[in-house]
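Notes for the structure review
So you can see what is in the structure, the chains are spelled out below.
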Amino acid sequence: MSRPAVFLDRDGTLIVERDHLDRIEAIQPFPWTADALRLLNRAGYATVVITNQSGVGRGFFDEAFVRATHAAFDAKLAKGDARIDAYYFCPHHPEEARPPYLRACECRKPKPGMIERACRDLDLDPARSVMIGDRWIDVACGRAAGARSVLVRTGYGAREERHPPDGARADAILNNLMEAVGWILRSSSR
Ligand SMILES: [Mg+2]
Ligand SMILES: [Zn+2]
């Protein structure tokens, strides 16, 4: 039976936003990140990172660096008895990347390609899932995949909240990842 998931933006949602994080030492989870993920792990949600990393295509760092970053994040989470089940990243950009990353792909958020791929790979049910992120592109990505979406005010979120694009609608706008997890756990127990 397919499982519910929580899809998570990385920068500004799980870790402090650094414009194109390019040093592993600069990964800084929020103080509540491990606790929030552990609650989702224990509640039976798959935890899946969905992140645009056009810094690869722009030549700021390579795919191996992105994977090393995720391994370092995993190690920090393990100390808090928490885990991410899978990572998906989009290395492309439609205009500002170098080949082979220069293309209008199906994975760059707000397109839902990464979530759709995760649902196939991991047998996840988008209708029972939620996307959490600090930008409207995250919200749009979740909704396009058939999931609910939460905008958090960390990272770019407080600014984004003041400038919603036409037609943008989140299922909730909350202060941070921990509040979003509380909202998910309350709404799924109804
Ligand atoms: Mg973000
Ligand atoms: Zn892509």
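Structure's up top.
The following paragraphs examine the structure supplied in this document. (Residues numbered from 1 in each chain as written. Chains lettered and ligands numbered in written order. Predicted model: local features only at pLDDT ≥ 70, side-chain atom pairs only at ≥ 80, totals over all residues. Heavy atoms only, no water.)

What characterises a pair of aromatic rings is the spacing of the ring centres plus the angle enclosed by the ring planes. Tallied over the full model, the rule gives two aromatic pairs. Aromatic side chains Phe-30 and Trp-32 sit 5.2 Å apart centroid to centroid with 0° between the ring planes, which places their arrangement in the stacked category. Residue class for Trp-32 comes out partly exposed when judged on its relative accessible area of 24%. When the ring centre of Tyr-156 is taken as origin, the NZ or CZ atom of Arg-135, which lies over that ring, is 5.0 Å away. (Phe/Tyr/Trp six-rings, centres within 6.5 Å; stacked < 30°, edge-to-face > 60°. Buried < 20%, exposed > 50% of the residue type's maximum accessible area, 1.4 Å probe, protein only. Lys NZ or Arg CZ within 6 Å of the ring centre and 35° of its normal.)

With that out of the way, let us pick up the coordination of the magnesium ion (ligand 1). Here the magnesium ion (ligand 1) is held by the protein donor atoms Asp-9 (OD), Asp-11 (O) and Asp-134 (OD), which lie 2.1 to 2.2 Å from it. Read from N- to C-terminus, the donor residues coordinating the magnesium ion (ligand 1) fall into the pattern D-x1-D-x122-D. Here Asp-134 lies in the loop between strand S4 (130-133) and helix H4 (136-144) and Asp-9 lies in the loop between strand S1 (5-8) and helix H1 (33-43), a separation of 125 residues in the sequence. In terms of burial, Asp-9 and Asp-134 fall into one category: buried. (Donors = N, O, S within 2.8 Å, 3.2 Å for Na, K, Ca; no water. Helix = DSSP H or I, 4+ residues; strand = E, 2+ residues; numbered from the N terminus.)

As summarised here, the arrangement of the six strands in space is S3-S2-S1-S4-S5-S6, forming an open sheet in which the pairing is parallel. With one partner strand each, in any of the chains shown, strand S3 (86-90) and strand S6 (172-174) form the two edges of the open sheet. Averaged over all adjacent pairs, the angle separating strand axes in this sheet is 20°, with direction ignored. Lying over the sheet, helix H2 (residues 63-79) contacts strand S2 (46-52) and S3, oriented at roughly 150° with respect to S3. Most of the contacts of helix H3 (residues 113-122) go to S3, to which it runs at about 150°, and overall it touches S1, S2, S3 and S4. (Pairing = 2+ DSSP bridges. Axes fitted to C-alpha atoms, helices over the stretch in contact; angles between N-to-C directions. Contact = heavy atoms within 4.5 Å.)

That is the geometry; function is a separate question.
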